[in-house]
Amino acid sequence: MSSLSPLTMDENLLLMIPGPTFLHPRVLRAMSKPLMPHREQWFSDLFIEQAERMKKVYQTENDLIIFSGSGTSSMDAAVSNVMRPGDKVLCIVSGKFSERFVEIVEAHGGVPVVLKFEWGSPIDPEKVKEKLTPDMKAVSMVHNESSTGVRNDVKPIADIVKDTDALLIVDCISSMGGDDIRVDEWGIDLCVAGSQKCLAVPPGLSFLSISQKAWDVIDERPGYCYYLNVKKYKDDEKKAPYTQSITLTYALKEALDIIFEEGLQNRIERHKNLAEITRSGIKNLGLELFPKSEDICSRTVTAFNAPEQKSEKDIRNTLKNRYNIVIAGGQAHLKGKIMRIGHMGNCQEKDIITTLACLEKALNM
Ligand SMILES: *Cc1c(COP(=O)(O)O)cnc(C)c1O
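Analysis parameters
- Residues numbered from 1 in each chain as written.
- Predicted model: local features only at pLDDT ≥ 70, side-chain atom pairs only at ≥ 80, totals over all residues.
- Heavy atoms only, no water.
- Helix = DSSP H or I, 4+ residues; strand = E, 2+ residues; numbered from the N terminus.
- Buried < 20%, exposed > 50% of the residue type's maximum accessible area, 1.4 Å probe, protein only.
- Contact = heavy atoms within 4.5 Å.
- Areas by Shrake-Rupley, 256 points an atom, 1.4 Å probe, with all protein chains shown as cover.
- Near = heavy atom within 4 Å.
- Polar contact = N/O pair within 3.5 Å; in protein donor to acceptor, adjacent residues only side chain to side chain.
- Nonpolar A, V, L, I, M, F, W, Y, C, P; charged D, E, K, R; others polar.
- Phe/Tyr/Trp six-rings, centres within 6.5 Å; stacked < 30°, edge-to-face > 60°.
- Lys NZ or Arg CZ within 6 Å of the ring centre and 35° of its normal.
- Core = buried A, V, L, I, M, F, W, Y, C linked by side-chain atoms within 4.5 Å.
- Right-handed = clockwise from strand over helix to strand, strands pointing away.
- Pairing = 2+ DSSP bridges.
- Axes fitted to C-alpha atoms, helices over the stretch in contact; angles between N-to-C directions.

Trainee: Just to check I follow, could you spell out the overall build of the chain for this structure?
Mentor: What the chain contains, in helices and strands, is 13 helices and 13 strands. In terms of principal-axis extent, the alpha carbons of the chain reach across some 60 × 55 × 35 Å. Looking at the chain as a whole, 58% of its 365 residues are labelled buried. Partitioning the intrachain contacts of the chain with sequence separation of at least 6 by distance along the chain shows that 73% fall at a separation of at least 24. Summed over all atoms, the accessible surface of the chain reaches about 15400 Å², with 50% contributed by carbon and sulfur.

Trainee: Explain the site of the ligand here, please?
Mentor: Around the ligand sit 14 residues in total, of which Ser-70, Thr-72, Ser-146, Asp-171 and Lys-197 are the nearest. Take Ser-70: an N or O atom from its side chain is 2.5 Å from an oxygen atom of the ligand. Within the backbone of Gly-71, one N or O atom sits 2.8 Å away from an oxygen atom of the ligand. Coverage of the ligand by the protein chains reaches 89% of its 380 Å² of free accessible surface. Looking at the shell around the ligand, the elements with two or more residues in it are helix H3 (71-82) and helix H4 (96-107). At three residues, the largest contribution of residues to the shell around the ligand is made by H3. Grouping the amino acids of the shell around the ligand by side-chain chemistry returns four nonpolar, seven polar and three charged.

Trainee: I keep staring at the packing of aromatic side chains and nothing clicks. Help me out?
Mentor: Two aromatic rings, taken as a pair, are described by how far apart their centres are and by the angle between their planes. Taken as a whole, this structure holds six aromatic pairs when the rule is applied. Ring plane angle 80 degrees and centroid distance 5.8 Å describe the contact between Trp-42 and Phe-43, whose orientation is recorded as edge-to-face. Classification of Trp-42 by relative accessible area gives partly exposed; the value is 35%. With a centroid separation of 6.0 Å and 75 degrees between ring planes, the pair formed by Tyr-233 and Tyr-242 is classed as edge-to-face. Residue Tyr-233 is classed as buried on the basis of its relative accessible area of 3%. Taken together through their ring pairs, the aromatic side chains of Phe-67, Tyr-226, Tyr-227, Tyr-233 and Tyr-242 make up a single cluster. When the ring centre of Tyr-250 is taken as origin, the NZ or CZ atom of Lys-33, which lies over that ring, is 5.0 Å away.

Trainee: Please explain the nonpolar core as it appears in this structure.
Mentor: One recurring pattern in soluble globular proteins: nonpolar side chains tend to sit buried together. The biggest cluster of nonpolar side chains holds 55 residues, and the ones touching the most others in it are Met-54, Tyr-58, Leu-168, Met-176 and Phe-207. Ranked by residues supplied to this core, first place goes to helix H10 (residues 246-262) with nine residues. Every residue in contact with Met-54, bar those within four places of it in the chain, is listed here: Leu-64, Met-176, Leu-199, Phe-207, Leu-252 and Leu-256. In this structure, Ile-65, Ala-78, Val-192 and Tyr-233 belong to the second largest nonpolar core, which totals 31 residues.

Trainee: For this particular structure, what's the right way to read the pairing of strand S3 (residues 88-93)?
Mentor: Look at any regular strand and the pattern is simple: side chains alternate between the two faces of the sheet. For S3, a buried count of five out of six residues is recorded, marking the element as mostly surrounded by other parts of the structure. Read from S3 through H4 to strand S4 (residues 111-116), the crossover connection turns out right-handed. Strand direction decides the pairing type here: S3 and strand S5 (residues 136-142), joined by four bridges, are parallel. Directly across from Lys-88, in S5, lies its bridge partner Met-136.

Trainee: I keep staring at the sheet that holds S3 and nothing clicks. Help me out?
Mentor: Where strands meet in a sheet, backbone hydrogen bonds hold them as pairs that are either parallel or antiparallel. Pairing within the open sheet is mixed, and its seven strands lie in the order S2-S10-S9-S8-S5-S3-S4. The open sheet has two edge strands with one neighbour each: strand S2 (63-68) and S4. The average undirected angle you get between the axes of adjacent strands in this sheet is 20 degrees. In this sheet, strand S10 (residues 205-210) lies alongside S2 in antiparallel orientation, the contact comprising six bridges. Within S10, the residue paired with Ile-66 across the bridge is Phe-207. Relative to strand S9 (residues 190-194), H3 is tilted by about 160 degrees, and along the sheet it contacts S2, S5, strand S8 (167-171), S9 and S10.

Here is the structure:
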């Protein structure tokens, strides 16, 4: 059995996982430009401009900070900047990534109050309302739970949090740049995204938008953090107090050029269509979607139950070794039970059709 490594892999590998996603050749070329001193004016202009453009993707007027780090660094920043040891945070958990917020709160000495929903099922806003008490500093949730393929409705939760002193933290890492995320309209205080999913930039940049309500908290009672201290980023004239990834900034610029050439609305529509094509293909193969109902299915990753007649590991190995296609398995207790196809970033209809056709072959082999 061959495994993937840069030495053996085919450059035409089809990466159908929920991130990292395959890069546009233009983005690859942009990254081959030489490094320049990062304190030069041209670089800070370039860097600040990309943050401004990211706000359009976020559909927000809030401040937006770019960190060097994977998506989790922004999750960490969102929590640690607004919470102090002993503070309570309501963590809505229905998958692997929403669970991560619990760990982050604990790591910073906070007290997570965990509200669990079965993996694959939607969040019930009524339960959130019942559980939210005035002593809680924040509420955390994941918009697009990549581990289960569920797309959670943010607006009903935001409407509940809005009337309290708590801040709403939402992980949109696997949906930003692919789904319709209305940070301001919905009222997300701290919105987290990462580079390597729908934005189709390599891993290594993360994004965080911060509302005025959140700044008021941070100004009055900041959390304890150093590298990810958002005030340092905001107050820095160049919005980058530490050496930024110059190469990834080139990549981000090119990727945003591509996003705006396509048009954000068209891009959102494309992801929605890809998800529909994937779901109908999966059902046609006689497989069952993992989320409890189709209306809560993600637009960027489709999760489905592994068939009984064949192990999902064997299926994924056939896809990889014979067809050069990589799809994902399940995480945590869903390992071996579900499979996931990512359709985000530069993914096109033909990539889905190819994946589904090869999946059918692999199922019958
Ligand atoms: C990928 C992902 C993360 C983790 O991001 P990293 O870049 O690996 O740190 C967190 N949340 C969701 C929903 C994701 O899909």
